[in-house]
Amino acid sequence: MKSGYAIRFWRSGRALTAAAAILLSLPGAAALAGPHVLMDVDSGRVLAAEDAFKRWYPASLTKLMTAYVAFRAVEAGEMQFDSPVRMTQSAAKEPPSKMGYPPGSVLTLDNALKIIMVKSANDVATAIAENVGGSESAFAARMNAEAQRLGMTGTHFVNAHGLHSTQQYTTARDLALLVRAIRTEFPQYAAYFSIEGLRDGKKVMRNYNFLIGRFEGADGMKTGYVCASGFNLVATATRGRRTLAAVVLGAQSQVERAEKAAELLAQGFKARGFAAPALASLRPSSPDSNTATDMRPEICSQEAVAKRVKMRDDEGRLVVNSPYVREMTHEPRLVAIGLGGADGPESKTPRYANVPIPTPRPAYPPQAAVVDQGD
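Source: prediction; values computed, not measured.

1. Here's the deal with helix 7 (residues 254-270)
- Between its first and last C-alpha atoms helix 7 spans 25 Å; for 17 residues at 1.5 Å apiece the expected length is 24 Å, and the two agree.
- Across the 17 residues of helix 7, 16 count as buried, placing the element largely inside the fold.

Set out below in structure tokens:
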């Protein structure tokens, strides 16, 4: 592992210059290279950040907005958590990660949300979109409307699952805004993001978020990966009455993103942060780029894949060398899910053909078909 892990923190209410920054050299920790934000969720204060406004592909972090829009629909009385989510033909055709439920299958919105948070199933995310919004494109319009309302100025969505599209992008700062909205507006739904695993009949699905059950206080939220994005992670942890959130984008592996997030969170709990700048007050240090960083050449090369294979033990388990990540001392606590049980009212949203709904956005190149989704 590399040493010299440097985190730039703020104090005295303003961002420190590079010369005056506090550099924490921590032996045994990986270098923190990609965009990241560390935030105190309750106060909205930013404890550390780097390239917070750099455009990035969200991959399955997209599903955080999918859940947020669903929560808003429930609060508006459009649906209930026991309302049906029907698997459509188009949803069933989504590439993995997926549940593989046949078209016509029905599950509750509650189970659908658990599935997209733990299994990150693309077919279920699309089914949520079509049932809540009427079509995936209509749901994407709702996602963009919510992003605009929250002040996510560097974000645009075209789908509910995060499969790669050059038209779907975000920033670490925008994701921090979304995380804070979810945790402060809907604290009663926090349990969706801390599930250790699911059981569907004999099938067991463990959470891709490696910090759940292994980092002290870890209680959320979501992983994401496509070749173009690298390995993304939004991780939250609560100790006492304080909740922190780390947004890590573009890590080289599942291990690296977990170690980076754990390092940020651990150091954040040591910082008071009372005079740190508010998330809403952050400003980019340079003009925003109109092009998201494409990590495909360094993430999905043969050499990179081979290197990640070596990060597993003989039984295929990830090996993490962080002092802040411990072995899970118990079997994952599994939540039972499955089809059926949808006794609540069905959404009355009109169903539309899944065609693009015009939005006030510049022209973009056509979306390429990509099936490298993972977590």
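2. With respect to the sheet that holds strand 5 (residues 197-200)
- One open sheet holds the three strands; their spatial order is 6-5-10, and the pairing between them is mixed. Looking at strand neighbours, the two that pair on one side only are strand 6 (203-206) and strand 10 (334-336), the edges of this open sheet. Going across the sheet, the axis of each strand differs from the next one's by a mean of 25 degrees, ignoring polarity.
- Pairing analysis gives three bridges linking strand 5 to strand 10, with the strands arranged parallel. Bridging from a neighbouring strand, Gly 197 pairs with Leu 334 of strand 10.

3. Considerations on the side chain of Lys 119
- Within the secondary structure, Lys 119 sits in the loop between helix 3 (109-118) and helix 4 (122-133).
- One buried charged residue, Lys 119, forms no salt bridge at all, with the nearest opposite charge on Asp 123 at 8.5 Å.
- If we ignore the near neighbours within four places in the chain, the residues touching Lys 119 are Ser 97, Lys 98, Met 99, Lys 114, Met 205 and Tyr 208.

4. Regarding the nonpolar core
- By size, the foremost hydrophobic cluster in this structure holds 77 residues, and its most contacted members are Phe 71 and Leu 113.
- It is helix 1 (residues 62-75) that contributes the most residues to this core, nine residues altogether.
- If sequence neighbours within four positions are ignored, Phe 71 has contacts with Phe 81, Leu 113, Ile 182, Phe 186, Tyr 189, Tyr 192 and Phe 193.
- If you look at the next biggest cluster of nonpolar residues, it comprises 26 residues, including Ala 48, Leu 211, Ile 212 and Val 248.

5. Section: the packing of helix 3 against helix 4
- Direction vectors running N to C along helix 3 and helix 4 enclose 140 degrees, while the axes themselves pass 9 Å from each other. Judged by the angle between their axes, helix 3 and helix 4 are oblique. Two packed elements cross with a definite hand, and for helix 3 against helix 4 that hand is left-handed. Along the contact surface, helix 3 presents Leu 109, Ala 112, Leu 113, Ile 115 and Ile 116, while helix 4 presents Val 124, Ala 125 and Ile 128.
- In terms of residue class, the contact of helix 3 with helix 4 is made up of eight nonpolar, no polar and no charged.

6. Thoughts on the sheet that holds strand 8 (residues 230-239)
- Spatial ordering of the open sheet is given by 2-1-9-8-7, a layout of five strands whose pairing is antiparallel. The open sheet has two free edges, formed respectively by strand 2 (45-50) and strand 7 (218-226), since each of these has just one partner strand. Neighbouring strand axes in the sheet, compared pairwise and without regard to direction, differ in orientation by 5 degrees on average.
- As paired elements, strand 1 (residues 36-40) and strand 9 (residues 242-251) share five bridges and run antiparallel to each other. Counted as the bridge partner of Met 39 is Ala 245 from strand 9.

7. Considering the confidence of the model for the chain
- Predicted confidence across the chain gives a mean pLDDT of 86, with 84% of residues reaching 70 or more.
- Contacts from residues 1-31, a stretch scored under 50 in pLDDT, to residues over four places away or in other chains number 68 contacts.
- In this model residues 357-371 is a low-confidence stretch, pLDDT under 50, and it forms 18 contacts with partners more than four residues away in sequence or in other chains.

8. So, helix 6 (residues 172-185)
- Here helix 6 is 14 residues long and its end C-alpha atoms lie 20 Å apart, about the 20 Å a rise of 1.5 Å per residue gives.
- The buried fraction of helix 6 amounts to 11 of the 14 residues, a majority that puts the element mostly inside the structure.
- Where helix 6 is concerned, the buried positions are Ala 172, Arg 173, Asp 174, Leu 175, Ala 176, Leu 177, Leu 178, Val 179, Ala 181, Ile 182 and Arg 183.

Analysis parameters
Residues numbered from 1 in each chain as written. Predicted model: local features only at pLDDT ≥ 70, side-chain atom pairs only at ≥ 80, totals over all residues. Heavy atoms only, no water. Helix = DSSP H or I, 4+ residues; strand = E, 2+ residues; numbered from the N terminus. Expected span 1.5 Å × (residues − 1). Buried < 20%, exposed > 50% of the residue type's maximum accessible area, 1.4 Å probe, protein only. Pairing = 2+ DSSP bridges. Axes fitted to C-alpha atoms, helices over the stretch in contact; angles between N-to-C directions. Lys, Arg positive; Asp, Glu negative; His and termini not counted. Salt bridge = Lys/Arg side-chain N within 4 Å of Asp/Glu carboxyl O. Contact = heavy atoms within 4.5 Å. Core = buried A, V, L, I, M, F, W, Y, C linked by side-chain atoms within 4.5 Å. Parallel < 35°, antiparallel > 145°, perpendicular 65-115°, else oblique. Left-handed = near helix turned anticlockwise from the far one by under 90°. Nonpolar A, V, L, I, M, F, W, Y, C, P; charged D, E, K, R; others polar. pLDDT = per-residue confidence, 0-100.

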